[in-house]
Amino acid sequence: MKPSEFWNCTYREAYTFVKSNSLQREEDYKKQIVLFDALGNKINDVIGRERPRNISLVRHTFKSLFKEELEPSSHQQTIEEQIKILRSMK
């Protein structure tokens, strides 16, 4: 969004832009953390160091960032909930 577009937009458009931009940055951070975790695991395997198996040490260090991935979700959106969310976005 260009500065002229920002000053001429509504509150809802600015909020949506900022929210989507922050979510995109958070996803980028997650991808980098997962990449570095995999790199660390490869280095540990090469060195032969003992570490707990089946536990991602980096993801458990950043529990608050990976909350959705670490905790299984049992709630799925119903069609009515999706329609309600889509209508509220207008």
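The shown structure was predicted, so the numbers you read here are calculated from the model rather than taken from an experiment.

Conventions adopted
Residues numbered from 1 in each chain as written. Predicted model: local features only at pLDDT ≥ 70, side-chain atom pairs only at ≥ 80, totals over all residues. Heavy atoms only, no water. Helix = DSSP H or I, 4+ residues; strand = E, 2+ residues; numbered from the N terminus. Buried < 20%, exposed > 50% of the residue type's maximum accessible area, 1.4 Å probe, protein only. Contact = heavy atoms within 4.5 Å. Areas by Shrake-Rupley, 256 points an atom, 1.4 Å probe, with all protein chains shown as cover. Salt bridge = Lys/Arg side-chain N within 4 Å of Asp/Glu carboxyl O.

Our next topic: the overall build of the chain. A count of helical and extended segments in the chain gives five helices and zero strands. For the chain, the sequential pattern of α-helices and β-strands runs α-α-α-α-α. Put simply, the chain has 90 residues, and 10% of those count as buried. Long-range pairs, those at least 24 residues apart, make up 45% of the contacts in the chain with a sequence separation of at least 6. Per element, the accessible surface of the chain, about 8,500 Å² overall, is 58% carbon and sulfur.

Right, let's talk about the pattern of salt bridges for a bit. One pass over the structure, following the stated rule, counts two salt bridges. With a closest N to O distance of 3.9 Å, Glu 26 and Lys 30 form a salt bridge. Of this pair, Glu 26 and Lys 30 both sit in helix H2 (residues 11-47), four residues apart, which is roughly one turn of that helix. Glu 26 sits in the partly exposed class, given a relative accessible area of 31%. Where Lys 30 meets Glu 27, a salt bridge forms, and the shortest distance between an N and an O atom there is 3.8 Å. In this pair, Lys 30 and Glu 27 both sit in helix H2, three residues apart, roughly one turn of the helix. Among the residues examined, Glu 27 registers a relative accessible area of 40% and is labelled partly exposed.

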